[in-house]
Amino acid sequence: QHKDAYQAILDGVKGGAKEKRLAAQFIPKFFKHFPELADSAINAQLDLCEDEDVSIRRQAIKELPQFATGDNLPRVADILTQLLQSDDSAEFNLVNNALLSIFKMDAKGTLGGLFSQILQGEDIVRERAIKFLSTKLKTLPEEVMTKEVEEFILTESKKVLEDVTGEEFVLLMKILSGLKSLQTVSGRQQLVELVAEQADLEQTFNPSDPDCVDRLLQCTRQAVPLFSKNVHSTKFVTYFCEHVLPNLSSLTTPVEGLDIQLEVLKLLAEMSSFCGDMEKLESNLKKLFDKLLEYMPLPPEEAENGENAGSEEPKLQFSYVECLLYSFHQLGRKLPDFLTAKLNAEKLKDFKIRLQYFARGLQVYIRQLRLALQGKTGEALKTEENKIKVVALKITNNINVLIKDLFHIPPSYKSTVTLSWKPVQKADASQKRASEDTTSSSPPKKASAGPKRDARQIYNPPSGKYSSNLGSFSYEQRGGFRGGRGRGWGGRGNRSRGRIY
């Protein structure tokens with residue numbers, strides 16, 4: 001008799017609004033007493049989750065976790081994951097809460113439902129399921145996120161990573177790098193290998209293909225925070241030296257307004273501190289050295305054919321030189337006799353002349369900047385113009401320290417500087433000159449993510465002897481891409497999801 005009564009409740013989903021509201025409450029309430037009607041009950045509740053009346057839908061969704069018992073749980077998780085595509089914010093929040101509540105009952109079963117939709121579901125469901133994991137997993141307590149659960153997440157994520165877009169890749173890396181079991185050296189190493197696989201460092205680099213450039217940038221950005229003295233960046237640094245540096249001037253930017261060359265050089269500089277033993281060290285150091293020379297001009301009167309004598313002095317590109325000089329200084333430590341034994345005397349003399357010329361311009365610029373910032377504190381330093389000057393001073397001080405090291409006989413590689421765009425302890429105006437003395441016993445720590453990318457700001461130095469030839473100072477913060485969907489990374493199976501900027 002009770003079975004018939006329950007069946008009558010199930011049939012209520014075909015009735016009017018009142019019957020449906022009652023059914024939405026009573027189907028889950030008595031569900032556990034009628035295991036033989038489990039399928040019919042879940043299907044009836046699903047019908048209510050898709051009802052035209054929003055209040056009935058919300059009621060039905062809210063009660064879904066009550067069906068998540070035993071073998072039914074993965075199915076309920078699968079259903080809830082599909083319901084993430086709802087555009088009604090209250091409904092969407094109910095789905096999120098319902099998923100979190102069944103997560104606490106059986107995390108692995110819930111993840112099974114989520115990943116099944118990520119791998120096989122509609123694009124909108126896949127996108128929202130990945131976002132759900134990237135925002136909610138970190139809120140779950142340790143007793144839910146066991147080692148076994150984390151291993152399951154890693155295994156399933158690897159399947160997803162076989163075919164992803166730039167945005168999905170960034171979110172999946174956020175999920176994986178937040179897992180407790182991957183905080184160890186071997187865990188970080190595993191993540192670096194995942195990123196290297198995604199970056200496809202075995203392929204030929206095509207500088208004119210924005211997708212190819214974008215893939216390398218996105219992957220390298222994910223790898224940078226993972227590197228340390230125990231997790232080496234050697235594979236990435238080698239690839240940059242061998243394939244990217246020689247093509248620097250022909251790189252196609254994947255995003256309008258991004259100084260792609262500076263972006264690449266910043267990434268190389270950040271990774272260079274954590275490079276291990278490199279197979280072709282001398283050849284790669286030579287590539288780095290040659291690229292540095294391109295940005296270290298000879299004084300006009302020293303030009304070989306004398307044509308430049310008396311003409312306008314060359315512009316000094318401080319941001320580029322900081323990155324290249326820092327990278328050269330880091331890798332040079334591994335082959336300290338490169339400048340003295342691997343270069344002929346003529347080349348070394350030429351390099352010293354270039355360093356000297358650059359240092360001369362640098363000193364004038366540093367004096368101008370210090371003068372401009374003198375006595376400024378607090379709010380005064382927060383204006384856009386002064387912020388740029390502060391960064392300019394960090395850059396020029398860094399270059400100054402590195403040039404001094406290379407002027408030693410023999411060249412020294414002992415000084416430690418913090419790259420100008422890396423976070424440092426809060427500094428006021430009196431400490432702005434401290435970049436010159438910024439020393440620490442270990443390489444600069446990696447930030448977990450770059451600041452938001454601003455539009456490039458141009459700083460024109462104050463007028464003076466060097467004002468016409470120092471050129472304008474370009475400052476661009478590094479940051480991730482933001483925005484809407486566009487072209488995919490290409491060549492990732494038959495999924496052509498777009499990349500995010």
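Just so it is clear, the model here is predicted, and its values are computed rather than measured.

On to the overall build of the protein. Summing up its helical and strand segments, the protein has 19 helices and two strands in all. Put simply, the protein has 501 residues, and 53% of those count as buried. Sequence separation of at least 24 residues holds for 73% of the intrachain contacts in the protein that already meet a minimum separation of 6. About 23600 Å² of surface is accessible on the protein, with carbon and sulfur atoms providing 48% of the total.

With that settled, the discussion passes to unusual backbone geometry. A cis geometry characterises the amide bond from I409 onward to P410, with omega recorded as -10°. In this fold, P410 is placed in the loop between helix 19 (384-407) and strand 1 (457-459). Positive phi values are uncommon outside glycine, yet D200 reaches one of about 55°. If you trace the backbone, D200 turns up in the loop between helix 11 (185-199) and helix 12 (210-223). Among the residues examined, D200 registers a relative accessible area of 31% and is labelled partly exposed.

The next point concerns helix 12. If you check helix 12, its first and last C-alpha atoms are 20 Å apart, about what 14 residues at 1.5 Å a residue would give, namely 20 Å. At the N-terminal boundary of helix 12, the capping side chain belongs to D209, with an oxygen 3.0 Å from the backbone nitrogen of D211.

Turning our attention to helix 16 (residues 318-332). In this model, helix 16 (15 residues) spans 20 Å end to end at C-alpha, consistent with the 21 Å of a helix rising 1.5 Å per residue. Across the 15 residues of helix 16, 15 count as buried, placing the element largely inside the fold.

To continue, consider the pattern of salt bridges. Under the definition given, this model contains 21 salt bridges. Among the ionic pairs, E91 bridges to R57, the shortest N-O distance being 2.8 Å. With a gap of 34 residues between them, E91 in helix 6 (residues 89-105) and R57 in helix 4 (residues 54-63) connect regions that are remote in the sequence. The same class applies to E91 and to R57, which are both buried. Between K286 and D290 there is a salt bridge, with its nearest N and O atoms 2.9 Å apart. Pair noted here: K286 and D290 are both in helix 15 (residues 281-294), with a separation of four residues, about one helical turn. Of the residues examined, D290 reaches a relative accessible area of 29% and is grouped as partly exposed. Look at the salt bridges and you will find they share partners, linking E127, K131 and E167 into a network.

This part is about the environment of D211. Its location among the elements puts D211 in helix 12. On the accessibility criterion, D211 (9% relative accessible area) is buried.

Moving on, we get to the packing of helix 6 against helix 8 (residues 123-136). With their axes 12 Å apart at the nearest point, helix 6 and helix 8 run at an angle of 60° to one another. Taken together, the axes of helix 6 and helix 8 are oblique relative to one another. Our pair here, helix 6 against helix 8, has a crossing hand that is right-handed. Residue-level contacts link F92, N96, L99, L100 and F103 of helix 6 to R128, F132, L133 and K136 of helix 8. The residue inventory of the contact of helix 6 with helix 8, partitioned by class, reads six nonpolar, one polar and two charged.

A few words on the packing of aromatic side chains. Applying the stated criterion across every chain, the model contains 14 aromatic pairs. Summarising the aromatic geometry, the rings of Y6 and F34 are spaced 4.6 Å apart at their centres and angled 15° between planes, so their arrangement reads as stacked. Residue Y6 is found in helix 1 (residues 2-11), and its partner F34 is found in the loop between helix 2 (17-30) and helix 3 (38-49); the two are separated by 28 residues along the sequence. F34 shares its class with Y6; the two are buried. Seen in terms of ring centroids, Y295 and Y320 are 5.0 Å apart; in terms of plane orientation they differ by 45°. Their pairing is tilted.

Another point: the side chain of S134. By the secondary structure assignment, S134 is in helix 8. At 3.0 Å, the side chain of S134 and the backbone oxygen of K131 are in polar contact. In this view, S134 contacts L171, K174 and I175; residues no more than four positions away in its chain are not counted.

With that settled, the discussion passes to the confidence of the model for the protein. When pLDDT is averaged along the protein, the result is 83; 82% of the residues meet or exceed 70. Of the regions scoring below 50 in pLDDT, residues 425-488 engages in 166 contacts with residues more than four places distant in sequence or in other chains. Under a pLDDT of 50 for its full length, residues 490-501 has, in the predicted model, 51 contacts with residues more than four places off or in other chains.

It is the contact of helix 2 with helix 3, at a shortest axis distance of 10 Å, that shows an interaxial angle of 140°. With respect to each other, helix 2 and helix 3 are oriented oblique. Between helix 2 and helix 3 lies a crossing whose hand is left-handed. Along its contact with helix 2, which presents K20, A23, A24, I27 and P28, the element helix 3 presents A41, A44, Q45 and L48. Counted by class, the contact of helix 2 with helix 3 contains seven nonpolar, one polar and one charged residues.

Turning our attention to the environment of V391. Mapped onto the elements of the fold, V391 is located in helix 19. Linking V391 and S319, residues 72 residues apart in sequence, is a C-alpha distance of 9.9 Å.

Taken together, the side chains of E162, E193, E197, D200 and E202 define an acidic patch exposed on the protein surface. Secondary-structure assignment places E202 in the loop between helix 11 and helix 12. Judged by relative accessible area, E202 falls into the exposed class, the value being 71%.

Each value, and the rule that gives it
- Residues numbered from 1 in each chain as written.
- Predicted model: local features only at pLDDT ≥ 70, side-chain atom pairs only at ≥ 80, totals over all residues.
- Heavy atoms only, no water.
- Helix = DSSP H or I, 4+ residues; strand = E, 2+ residues; numbered from the N terminus.
- Buried < 20%, exposed > 50% of the residue type's maximum accessible area, 1.4 Å probe, protein only.
- Contact = heavy atoms within 4.5 Å.
- Areas by Shrake-Rupley, 256 points an atom, 1.4 Å probe, with all protein chains shown as cover.
- Expected span 1.5 Å × (residues − 1).
- Polar contact = N/O pair within 3.5 Å; in protein donor to acceptor, adjacent residues only side chain to side chain.
- Salt bridge = Lys/Arg side-chain N within 4 Å of Asp/Glu carboxyl O.
- Axes fitted to C-alpha atoms, helices over the stretch in contact; angles between N-to-C directions.
- Parallel < 35°, antiparallel > 145°, perpendicular 65-115°, else oblique.
- Left-handed = near helix turned anticlockwise from the far one by under 90°.
- Nonpolar A, V, L, I, M, F, W, Y, C, P; charged D, E, K, R; others polar.
- Phe/Tyr/Trp six-rings, centres within 6.5 Å; stacked < 30°, edge-to-face > 60°.
- pLDDT = per-residue confidence, 0-100.
- Patch = residues over 30% accessible without salt bridge, like charges linked within 9 Å, V, L, I, M, F, W, Y side chains within 5 Å.
- Lys, Arg positive; Asp, Glu negative; His and termini not counted.
- Charge placed at Lys NZ, Arg CZ, Asp CG, Glu CD.

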